[in-house]
Amino acid sequence: MALKITSRFRRLLQRPGSIDLSPYERLSQLVLEAEESVEPLTDEELAEAVSDLRTTGGLHEDEQIEFLALARDAARRTLGESAFDGQIVGALAMLQGRVVEMATGEGKTLAGAFAAAGYAIGGRRVHVLAVNDYLARRDAEWMAPIYDLLGVTVSHVGQASTPEERRAAYEAEVCYVPVSEVGFDVLRDRLVNDVPERVTQTPDVALVDEADSVLIDEARVPLVLAGATRTEELDDDIVQIVRTLRAGVDYEIDGDGRTVALTDAGTDKVEKLLGERDEAEAAAAAALLPEAEDEAPAEDSDADTETEDAEDKADEDKAEAVEPERPAVNLYDDENLDRLTQINVALHAEVLLRKDVDYLVRDGKVSLINNNRGRIAKLQRWPDGLQAAVEAKEAVPVSDSGEVLDSITVQALIKGYKSLCGMTGTAVVVGESLQEFYDVEVAVVPPNKPNIRKDDQDRLYLTVEQKNVALVEHIAEVHETGRPILIGTHSVEESEQLSDRLEAAGIPHVVLNAKNDAEEASIIAEAGVPGTVTVSTQMAGRGTDIRLGGKDETHDKDKAIELGGLYVVGTGLHASRRLDDQLRGRAGRQGDPGGSLFFASLGDELVIRYSVSSGLRPHPDEHGRLTDRKSVGILDHAQRVADGANAELHRTTWQYHRLTGQQRSILLDTREKVLTEDLAATELSERVKERYDELVEEHGEDKVKDAARRIALHHLDRRWTDHLAYLADLREGIHLRSLAGGIVHMKPIDEFNKSAIASFDTLIADAWKEAAETFTEASITDSGLDEAASGVPRPTATWTYLVNDNPFGTEADRILGRLRNAIRPQSGAEAEEILPEEFDEDELPEELRDADDADLPEELREADDDEDDAKRK
């Protein structure tokens, strides 16, 4: 009843998550009634009944009811699972293009399988987009018996899948595949030289598992395909110079921690050190040269010449006395562009990228960590020399450098599908974003059993160290009771530091992070066994149910229930309350008891980066704990600012990639005609007719057509690669153009679009011109085109880049500033305030000292004034 009232209230306010479930609930009852007639059927008769429903125009409402009755019975026969009403409601909502919110443990996987099979029976091809390889493989294999009985072909794709395996998998009616893998396959297919090299099919239906993670979190990270060009080692001297630079003196980090730049003092220091090195190298080189013979003096010296020389020397001496000494190296000269680039990437690697947080070093290689999942991002690298900079920083062998061949955003990828639906445990919170970016609505399905999990109020501490001490003490206290504990950390580094503290406290535990991701599912599945303490990085193991008593529920399940069920502990709040809710949702599945508690501190990165916490005068107890309204409000404020900043980043990413996507579509139309038709032969035979006819007579028309096609494709791809490089450089400094607009403010996006359009206008025409020039000189034999000799080689290898898209640099500070001013923190839960007699400001974290109270949001300043008034009275 409460859920229905909430749903109606949301609809009244036209808020996300307001889809009326009444029609689906009515249809679900009809499904249950129809199943009575299905139960007597044999397996063969059931399969034949499903076959009779097959169509090419999608299933209508009556057909959906009949199909779901058959599918529900198929699940009972093959897996021994009878779908709940909520699972049928969820499947119906997905079949009508909704994103369904279902709590953890409510059976999203089965509901998704029903919906995917329903689309397939209706003549559609479905991609079930997962967040990782494990879930794609697990769900495809788990649901396979149902699909088999229903006569629907199913497959899965993973990072290790070969091109042949991928091609076969995409031909299935339902394919489970990580969103990044299908994205990279689409990018590779855009660059093939022969149609049989393609692996994907025309996109049709996208059914997104963990929809909020895929559609919102991963949408901020464009998928980029790169090709090998050369091995690019970073100058070791530059690495050493960068390590001598000091924060706040030689370089500054922007407010959101995404970019770093040299100060004037830092630039001077680098130029001086580089100049000293150049002088030392020049002196060393000169010492190796033979001494030059003294030149004989001129026999005839003209008096006028001597006078002019004396005057010139006097002028030079005067100029030297007036002009300041110039640095031996100017980083901003054109000749030093490579040096400046190396300094910038080395500084970025040294300052912003952290080992065991952003990357791991194992087996002598740098492996990136996907921050959304806390897992190793296989086959992924950083772009623009940054990978080499990190490798130099960690003293590991430098791998090949490369250039961007093509890119696509998750949003553009998803919009390529004709239909979109999905499922997740936390959709309402991002309902507005789902409507804005994907035009899809949310349907909230009530749980089969009421949620009785107890979520305690967050515990806030003054410093990180005080928080960690309290965290370990609390874990030890709960562990003594035998209650199973799941601890969620933010990074590999944090999980290992916590592991050390737990070990010192004598608390046995297992650590689940990106270093042992292959075991994560089995580890997380046993987190519900009494006495177990599991430390999990981010949402590692997401998608795996945590059952009380272990995977098979045979290890003291009753005891686990008696102790209060799984207890989730968070070591800090995430940038979004939604991510906290995902972690909390690991406990209390299917009406089980459970609990959760999050620890936080004013020294946490979330508070420092996103909250206006300066001027705060907290009143901690003897353990550093804060309960006053203002401090709790600061924490809530930081989360909402971070949410807004990430939404803005997603919006900005889409704005900048939208035009690029449109231009790519135009180019792909031409490329498709070159690939599948004789456009290249027609075009080149007109431009260089004599050469074309000569080659046809010598080697035959088929060989020449093939050569023309390959040459044309190369130049189209080459031009697109150059265009992407230009756009990347353009975005790097586009905000400077807006600042140069004077009185009339120039929007960066408008300036970007104007320049991008001008750059693209002649792209295809220039590609044809260059193709004709290459064709004239190409090396073509009876064996076909010699690509290397003709100057049209293909990349020796390809890989993917992991890119956090941030076009603005310092513009991000202005975005955050607007958000901070627009969002007012609500007061925290009313807790008893602990006011010690004295408070030493030195106990504050460094980031919170010596600041003006005026920096606080208005509401918090008023709260502080109220407290001061109360104390004076």
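In what follows, the structure referred to is the one given above.
Rules behind the numbers
Residues numbered from 1 in each chain as written. Predicted model: local features only at pLDDT ≥ 70, side-chain atom pairs only at ≥ 80, totals over all residues. Heavy atoms only, no water. Pairing = 2+ DSSP bridges. Helix = DSSP H or I, 4+ residues; strand = E, 2+ residues; numbered from the N terminus. Axes fitted to C-alpha atoms, helices over the stretch in contact; angles between N-to-C directions. Contact = heavy atoms within 4.5 Å. Buried < 20%, exposed > 50% of the residue type's maximum accessible area, 1.4 Å probe, protein only. Polar contact = N/O pair within 3.5 Å; in protein donor to acceptor, adjacent residues only side chain to side chain. Phe/Tyr/Trp six-rings, centres within 6.5 Å; stacked < 30°, edge-to-face > 60°. Parallel < 35°, antiparallel > 145°, perpendicular 65-115°, else oblique. Left-handed = near helix turned anticlockwise from the far one by under 90°. Nonpolar A, V, L, I, M, F, W, Y, C, P; charged D, E, K, R; others polar.

Draft legend 1. Seen up close, the sheet that holds strand S1 (residues 99-101). Read across the sheet, seven strands follow the order S3-S4-S2-S5-S14-S1-S15 without closing on themselves; strand pairing throughout is parallel. Only two strands of the sheet have a single neighbouring strand rather than two, namely strand S3 (154-156) and strand S15 (442-444). Neighbour-to-neighbour, the strand axes of this sheet turn through a mean angle of 20°, independent of strand direction. In terms of strand pairing, S3 meets strand S4 (residues 174-178) through three bridges, oriented parallel. Across the sheet, Val-154 pairs through a bridge with Val-174, a residue of S4. Sitting on the sheet, helix H7 (residues 133-150) is in contact with strand S2 (126-130), S3, S4 and strand S5 (205-209), with an inclination near 165° to S4.

Draft legend 2. Spatial organisation of helix H15 (residues 386-393). Within H15, seven of the eight residues are buried, which leaves the element mostly enclosed by the surrounding structure. Just downstream of H15, Ala-395 is the residue with a positive phi angle, here 55°.

Draft legend 3. Seen up close, the side chain of Asp-458. Looking at where Asp-458 falls in the secondary structure, it is placed in the loop between strand S16 (454-455) and strand S17 (459-461). Since its relative accessible area comes to 17%, Asp-458 is described here as buried. A polar side-chain atom of Asp-458 sits 3.4 Å from a polar atom in the side chain of Arg-577. A polar side-chain atom of Asp-458 sits 3.3 Å from a polar atom in the side chain of Arg-584. Not counting residues up to four positions away in its chain, the partners in contact with Asp-458 are Leu-573, Arg-577, Arg-584 and Phe-598.

Draft legend 4. Up close: the environment of Arg-617. Inspection of the secondary structure assignment puts Arg-617 in the loop between helix H23 (605-610) and strand S23 (625-626). You can call Arg-617 partly exposed: its relative accessible area is 31%. Taking the C-alpha atoms as reference points, Arg-617 and Ser-631, 14 residues apart in sequence, are found 8.7 Å from one another.

Draft legend 5. Expanded view of the packing of aromatic side chains. This structure, assessed with the given rule, holds five aromatic pairs. Seen in terms of ring centroids, Tyr-147 and Tyr-176 are 6.3 Å apart; in terms of plane orientation they differ by 70°. Their pairing is edge-to-face. In this pair, Tyr-147 is assigned in helix H7 and Tyr-176 in strand S4, connecting sequence segments 29 residues apart. Assigned by exposure class, Tyr-147 and Tyr-176 land together as buried. For the pair Tyr-461 and Phe-599, a centre-to-centre distance of 6.2 Å together with 15° between the ring planes defines the contact as stacked. Here Tyr-461 is found in strand S17, whereas its partner Phe-599 is found in strand S22 (residues 594-601), with 138 residues between them in sequence. You'll find Tyr-461 and Phe-599 in the same group, each marked buried.

Draft legend 6. How the structure looks around the packing of helix H5 (residues 85-95) against helix H6 (residues 108-121). The geometry of H5 relative to H6 is characterised by a closest axis approach of 8 Å and an angle of 40° between their N-to-C directions. The angle between H5 and H6 places the two elements in the oblique class. In this structure, the crossing between H5 and H6 has a hand that is right-handed. Each of Gln-87, Ile-88, Ala-91, Met-94 and Leu-95 in H5 lies in contact with H6, whose residues at this interface are Leu-110, Ala-111, Gly-112, Phe-114, Ala-115, Gly-118 and Tyr-119. Residues belonging to the contact of H5 with H6 are distributed by class as follows: nine nonpolar, three polar and no charged.

Draft legend 7. Molecular detail of unusual backbone geometry. Of note, Glu-210 is a non-glycine position whose phi angle comes to about 50°, a positive value. By the secondary structure assignment, Glu-210 is in the loop between S5 and helix H10 (211-217). A relative accessible area of 7% places Glu-210 in the buried class. For Asp-439, which is not a glycine, the phi torsion comes out positive at approximately 55°.

Draft legend 8. Broad picture of the side chain of Thr-653. Position of Thr-653 relative to the elements: it lies in helix H24 (residues 629-676). Judged by its relative accessible area of 1%, Thr-653 falls in the buried class. A distance of 2.8 Å separates a polar atom in the side chain of Thr-653 from the backbone oxygen of Leu-649.

This is a description of form; function is not addressed.
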